[in-house]
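What follows is each chain in one-letter form.
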Amino acid sequence: MAKVRTRIAPSPTGDPHVGTAYIALFNRCFALQHGGEFILRIEDTDQSRSTARSEQDILNALRWLGLDWAEGPDVGGPHGPYRQSQRSDIYRQHINVLLEKGHAFHCFCTSERLDALRAQQMENKQTAGYDGHCLSLTRAELDANLAAKVPHVVRMRVPDTGECVFHDRLRGEIRIAWEQIDMQVLMKSDHLPTYHFANVVDDHLMEITHVIRGEEWINSTPKHILLYQHFGWEHPQFCHMPLLRNPDKSKLSKRKNPTSISYYRDMGYMPEAMINYLGMMGWTMPDGREKFSIGEMQAAFDIDRVSLGGPVFDVAKLDWLNGKYIRENLSAEGFAEAFSKWAFSPEKIQKIIPLLKDRVERFSDVVPLAGFFLSGLLPVSASDFEHKQLSPEQCRKILQLCVWQLEQIQDWSRESVEQVCQRLAAFLGIKIRETLFPLFVAITGKAVSTSVIDSIYILGLDVGRARIRHAIEVLGGVSKKEVKELEKSLRELQSFSLPEIG
RNA sequence: GUCCCCUUCGUCUAGAGGCCUAGGACACCGGGUUUUCAUCCCGGCAACGGGGGUUCGAAACCCCCAGGGGACGCCA
C-alpha cells in the first residue's frame, strides 16, 4: 500500500481560522499515525483576496499550535512548488489534456448573462447551473473567438444523466445525481485555476492518499471524482469531517465567535490546550481521557471513531482546559517564562512604551494606565458609558459601525485605524473627541487613557473586536431592528467621502 | 427552491442489539477543605427528536416524518 499522505490546503485570504487548525490536526494525526506524511499547500488562486501577510499568519499560527508539516512553501519538498500561484504551467498543461479529450470546453458567456440565467432558474425553482450555451458553438465560431482573444473560461463537461456514487470513510455511500452538478469553471478568465481543478491536480501530483476535509465539500466531491476519472487517475479516499459550530449551531464564523487562532494566542491560551480542545471536537480518546497531548492523540488516533454531529465550539470548556494546563503543566519557572513571552514580547512592548513614557511619573503608574494591554475582556458596565452628549443608543451605533469598519481594513496600521475613526466621526457629524469616547471605555476600560487609536492598533482586530462587542452587549445589545438600521448606516458610511480639510 | 449531510443531558461526548433504572467532562446548583477567593474533594440537576417496523430484547438495525446544518460563484 502506498505511503499515507495527507494535506492541509489553506487559502490565504484572512485570519488563521481555528477550523483550518482543526482539519490540519486530524490530517496530521492520521498521516503520522500511519507512518505517512502531512504536508501543507497554499491555495492562493484567488488573486484579489490572497495576501502574503495572511499566508504568513496562517503558517505562524499552525506552527504555534505544533502542527508542523513535512513539505510546504516554506520548507520545500519533492512535490513543489507548494503555492498554487506558482503552478500555472502545470494547470495549463492539464487543462489542455481535458480540452483535447473533450472533457472540458471554452465558454465565452459574460457574467451578466450568467447572472440573469441564475436568477431565472431560481425563479423557476430549478437547480441553478450553467445551461451549456457555449457547448453548441461551431469549430469556426470557437476559433474566431479565441483568435479575437474574447475573454473566456474553461468549463468541465458533466454527464446529464445517472448519479455519482462514492464512498466517504466516515459516512459510507453517498449518491448525488449528475444533473445536480454544474458545469464547473475549471480555469478562470485570468488563466488561473479554480479550487476544484487545482485541488484535484495538486492532490494527485502531490500523491495525496486521503483527503480529510470539512463537510462543506461533500456536494462538490462528484466534480472532483469526475476530474480524476477524466485524467484516468485513481482518486484518494474521501473523509468529510463535521463542521465546527457557533453556539447557535451555524457554521463557526467570526461574526458570532472569535475564530482567529491569533485571538486565542493574544488572549493567553496555551497552544497545547488549544490543540487538545480541538482534538476533542468529534473525537475522544479510547480510554475517555480528556486531557491529552498531540502526540498522545496521534498514537491513539482512529479516524473511524470520529462522531459526525457538528460540535459547538464552547469557549467555557476551553477555558477550563486551558486553566488545567496552566496549573498542571507549568512549573513556576515555566509559567514565568511563558507569561513573560506572552506579555512582554519586544515587538509589543516597543509599541506600547511610547504611549506611556510621557504620561507616567512613576513606574508604578504603568499597570493602572496600561494594564488593559494585558487583559482579555474588561469589566465595564453600562454606567461607564454615561456621557453628557451621547446616549447609549449613539454609543452602540458608534461601536457597531466602528467594528464593521475595522473589519474592512486591508492593511492593519495605526493610520488605517485612525482613518476609520475620522471617517466615522465626520459621517456621524459628531466631534472626533465624542466619537472616541465609547471606544475609550470599550477598549481601555476608562474614559481617559492612552490614545485609543494606538491602543486599537496595538491590541489588534481580534481582541479589539471582542472588547467592542462586549461593550455593545453591556449597553443592552442591538436588536434585530437596530441591526437593520445600522446596516443601512453602514452602507451610507461606505459610500461617504471625507470632506477635504481645507 | 433543489440537492446533500447530521440528530444521546444546555455544551463536548461514551455507547458496535442484552453489561443502560444511559457513563464521563464542562457549565450550573449544593456541601467540605482553604484567613478570602481560586484550586482540590464530595454530592445534585440534566439527554437517547417523533412515529412505525425488525427482534425474545433496540439509544444502537431499517423506513417515514420533523428539526438542525451545509452546498448550489470566473471564493475557497
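Residues numbered from 1 in each chain as written. Chains lettered and ligands numbered in written order. Predicted model: local features only at pLDDT ≥ 70, side-chain atom pairs only at ≥ 80, totals over all residues. Heavy atoms only, no water.

## A look at unusual backbone geometry
Residue Pro81 is bonded to the preceding Gly80 through a cis peptide linkage, with omega at -5°. You can see Pro81 is positioned in the loop between helix 2 (52–64) and helix 3 (88–101). You will see that Glu207, though not glycine, has its phi angle at about 60°, which is positive. Assignment of secondary structure puts Glu207 in the loop between helix 6 (195–205) and strand 8 (210–214). Take Glu207: its relative accessible area is 47%, and that puts it in the partly exposed class. (Helix = DSSP H or I, 4+ residues; strand = E, 2+ residues; numbered from the N terminus. Buried < 20%, exposed > 50% of the residue type's maximum accessible area, 1.4 Å probe, protein only.)

## Quick notes on the pattern of salt bridges
Under the criterion given, the structure shown has 40 salt bridges. With a shortest N-O distance of 2.9 Å, Glu328 and Lys291 are connected by a salt bridge. Of the two residues, Glu328 sits in helix 11 (residues 315–329) while Lys291 sits in the loop between helix 9 (271–279) and helix 10 (294–300), which places them 37 residues apart along the sequence. On the basis of relative accessible area, Lys291 is assigned to the partly exposed category, the value being 22%. Taken together, the shared-partner salt bridges in this structure form one network comprising Arg7, Arg41, Glu43, Arg87, Asp202 and Asp203. (Salt bridge = Lys/Arg side-chain N within 4 Å of Asp/Glu carboxyl O.)

## What about the nonpolar core?
Of all hydrophobic cores here, the largest spans 100 residues; its most connected members are Phe26, Phe313, Leu399, Leu406 and Ile468. Ranked by residues supplied to this core, first place goes to helix 18 (residues 452–474) with 11 residues. The next biggest cluster of nonpolar side chains, apart from the first, holds 43 residues, and it includes Tyr130, Trp178, Met206 and Phe238. (Core = buried A, V, L, I, M, F, W, Y, C linked by side-chain atoms within 4.5 Å.)

## Re the confidence of the model for chain A
When pLDDT is averaged along chain A, the result is 92, and 99% of the positions lie at 70 or above. Per the prediction output, this complex has pTM 0.94; the corresponding ipTM is 0.95. (pLDDT = per-residue confidence, 0-100.)

## Thoughts on the pairing of strand 3 (residues 104–107)
Of the two faces of strand 3, both are covered, the one formed by Ala104 and His106 as well as the one formed by Phe105 and Cys107. When strand 3 meets strand 4 (residues 153–156), the two strands line up antiparallel, connected through 4 bridges. Opposite Cys107, over in strand 4, you have Val153 as the bridge partner. (Pairing = 2+ DSSP bridges.)

## Structural notes on helix 3
Owing to its 3.6 residues per turn, the α-helix aligns residues three or four sequence positions apart on the same side. Under the 1.5 Å per step criterion, the end-to-end length of helix 3 is 20 Å for 14 residues, consistent within 8% with the ideal 20 Å. Here the buried face of helix 3 lies against strand 3, strand 4, strand 7 (185–187), helix 6 and helix 7 (221–231). One or two positions beyond helix 3, positive phi appears at Gly102, with a value near 80°. (Expected span 1.5 Å × (residues − 1). Contact = heavy atoms within 4.5 Å.)

## A closer look at the packing of helix 1 (residues 18–33) against helix 9
Running from amino to carboxyl end, helix 1 crosses helix 9 at an angle of 75°, the nearest separation of the two axes being 10 Å. One way to sum up the angle between helix 1 and helix 9 is to call them roughly perpendicular. Contacts between helix 1 and helix 9 involve Val18, Ala21, Tyr22, Leu25 and Phe26 from the first element and Met274, Ile275, Leu278 and Gly279 from the second. Residues that form the contact of helix 1 with helix 9 fall into these classes: 8 nonpolar, 1 polar and no charged. (Axes fitted to C-alpha atoms, helices over the stretch in contact; angles between N-to-C directions. Parallel < 35°, antiparallel > 145°, perpendicular 65-115°, else oblique. Nonpolar A, V, L, I, M, F, W, Y, C, P; charged D, E, K, R; others polar.)

## Focus on the protein's contact with RNA strand B
The environment of RNA strand B is formed by 48 residues, the closest being Thr45, Arg171, Lys188, Gly282 and Glu290. Near-protein atoms of RNA strand B (within 4 Å) split between backbone and bases, with sugar and phosphate holding 78%. Within the backbone of Gly282, one N or O atom sits 2.3 Å away from a phosphate oxygen of RNA strand B. Counting only elements with at least two residues in the surface near RNA strand B, the list comes to strand 4, strand 6 (172–177) and helix 11. It is helix 11 that contributes the most residues to the surface near RNA strand B, 4 residues altogether. Looking at side-chain class alone, the surface near RNA strand B contains 17 nonpolar, 13 polar and 18 charged residues. (Near = heavy atom within 4 Å. Polar contact = N/O pair within 3.5 Å; in protein donor to acceptor, adjacent residues only side chain to side chain.)

## So, helix 6
Burial analysis of helix 6 places 9 of its 11 residues in the buried class, which makes it a mostly covered element. Turning to helix 6, the residues buried within the fold contact strand 1 (5–8), helix 3, strand 7, strand 8 and helix 7. Looking at the residues trailing helix 6, positive phi occurs at Glu207, about 60°.

## Considering the sheet that holds strand 3
Pairing within the open sheet is antiparallel, and its 3 strands lie in the order 3-4-7. If you trace the sheet from one side to the other, it starts and ends with strand 3 and strand 7, each paired once. Mean inter-strand twist for the sheet, computed between neighbouring axes without regard to direction, equals 45°. Note that strand 4 and strand 7 share 2 bridges and pair antiparallel.

## Let's talk about the side chain of Arg465
Assignment of secondary structure puts Arg465 in helix 18. On the accessibility criterion, Arg465 (6% relative accessible area) is buried. Setting aside residues no more than four positions away along its own chain, Arg465 makes contact with Asp15, Lys254, Val403 and Glu407.

## What about the packing of helix 15 (residues 392–408) against helix 18?
Here helix 15 crosses helix 18 at 140°, and the two axes come no closer than 10 Å. On the basis of their axis angle, the class for helix 15 and helix 18 is oblique. Two packed elements cross with a definite hand, and for helix 15 against helix 18 that hand is left-handed. Along its contact with helix 15, which presents Arg396, Leu399, Gln400, Val403, Leu406 and Glu407, the element helix 18 presents Ile456, Leu461, Arg465, Ile468, Arg469, Ala471 and Ile472. Class assignment for the residues of the contact of helix 15 with helix 18 results in 8 nonpolar, 1 polar and 4 charged. (Left-handed = near helix turned anticlockwise from the far one by under 90°.)

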